[in-house]
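Single-letter residue listing:
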Amino acid sequence: MSVNLNHQEWLIKQQVAKFADAVNLRNKNLFTSLWLPDGIWKLNPPMNMTVTGKDNIGNLFADLLDKWEFFVQMVHTGVVEIQGEKAIARWCMSEIGRSHQGKGFQNYGIYQDQLIWRDNQWLFLERTYHFSYIEEPQLLGNAFPLPQVF
């Protein structure tokens with residue numbers, strides 16, 4: 001691995017951006033590609049979900065997004081600490097969505113990450129979402145499907 005820490009931090013930020021992009025585009029293949037084979041995805045209370053293994057993570061991702069008419073994840077600020085071929089990071093996040101039954105959902109939280117440098121890329125070993133705030137607003141606006149291909 002290159003010692004250029006600024007470039008490595010940028011690569012990690014790109015990985016986090018790809019995660020949000022996969023969520024927003026509902027792209028299971030992209031989402032799954034971001035994980036190590038033995039990755040762990042934790043969604044803390046109130047969801048209380050932990051799933052292990054890249055394929056299981058991809059399946060949970062698809063199951064969760066099937067519940068939403070629309071769902072958007074946004075990454076805000078983040079910090080990255082790199083120690084050789086391991087990195088830890090934290091990201092302020094927000095999400096908004098509406099279920100197919102019309103129930104609104106908005107939250108703010110923090111993703112806590114562990115990443116490993118493997119095959120010339122950073123991959124998630126573990127992602128833990130800590131919810132800070134959740135509400136169920138009335139989202140009365142119009143939702144529009146995204147194009148199949150960007």
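Quantities reported herein were computed from a predicted structural model and do not represent experimental measurements. (Residues numbered from 1 in each chain as written. Predicted model: local features only at pLDDT ≥ 70, side-chain atom pairs only at ≥ 80, totals over all residues. Heavy atoms only, no water.)

Participant: What exactly am I supposed to notice about unusual backbone geometry here?
Facilitator: A negative phi angle is the norm for most residues apart from glycine, just as the trans form is the norm for most peptide bonds. Here the residue pair Pro-45 and Pro-46 is connected by a cis peptide bond, since its omega of 15 degrees sits within 30 degrees of zero. Assignment of secondary structure puts Pro-46 in the loop between strand 1 (35-43) and strand 2 (49-52). A positive phi is found at Asn-48, a non-glycine position, where the angle reads about 55 degrees. Position of Asn-48 among the secondary structure elements: in the loop between strand 1 and strand 2. The class for Asn-48 is exposed, based on a relative accessible area of 56%. (Helix = DSSP H or I, 4+ residues; strand = E, 2+ residues; numbered from the N terminus. Buried < 20%, exposed > 50% of the residue type's maximum accessible area, 1.4 Å probe, protein only.)

Participant: For this particular structure, what's the right way to read the pairing of strand 2?
Facilitator: Regular strands place their side chains on alternate faces of the sheet. Of the strand pairs in this sheet, strand 1 and strand 2 are connected by 4 bridges, and their pairing is antiparallel. From the neighbouring strand, Trp-41 faces strand 2, where its bridge partner is Val-51. In this antiparallel pair of consecutive strands, strand 1 and strand 2, the connection spans 5 residues, and Asn-48 shows a positive phi of 55 degrees. (Pairing = 2+ DSSP bridges.)

Participant: Would you explain the layout of surface pockets in this entry?
Facilitator: Where empty space is left can be seen by rolling a probe of water-molecule size over the atoms. A volume near 400 Å³ is recorded for the largest pocket. Along its surface, the largest pocket is lined by 15 residues, and Asn-24, Leu-25, Arg-26, Leu-146 and Pro-147 are the ones closest to its centre. For the lining of the largest pocket, the secondary-structure elements that each account for two or more residues are helix 1 (5-25) and strand 3 (68-83). Broken down by element, the lining of the largest pocket gets its largest block of residues, 4 residues, from strand 3. Of the residues in the lining of the largest pocket, the class split is 10 nonpolar, 3 polar and 2 charged. When its volume is computed, the second largest pocket comes out at roughly 330 Å³. Considering the residues around the second largest pocket, the lining is formed by 19 residues, among which Leu-43, Met-47, Leu-64, Phe-71 and Glu-95 are closest to the centre. Broken down by secondary-structure element, the contributors of at least two residues to the lining of the second largest pocket are helix 1, strand 1, helix 3 (54-65), strand 3, strand 5 (104-118) and strand 6 (121-135). Residues that form the lining of the second largest pocket fall into these classes: 16 nonpolar, 1 polar and 2 charged. (1 Å grid on protein atoms, 1.4 Å probe; cavity = no way out; pocket = protein on both sides within 12 Å on 5 of 7 lines; lining within 4 Å. Points joined across faces, edges and corners; volume = space filled by probe spheres on them. Nonpolar A, V, L, I, M, F, W, Y, C, P; charged D, E, K, R; others polar.)

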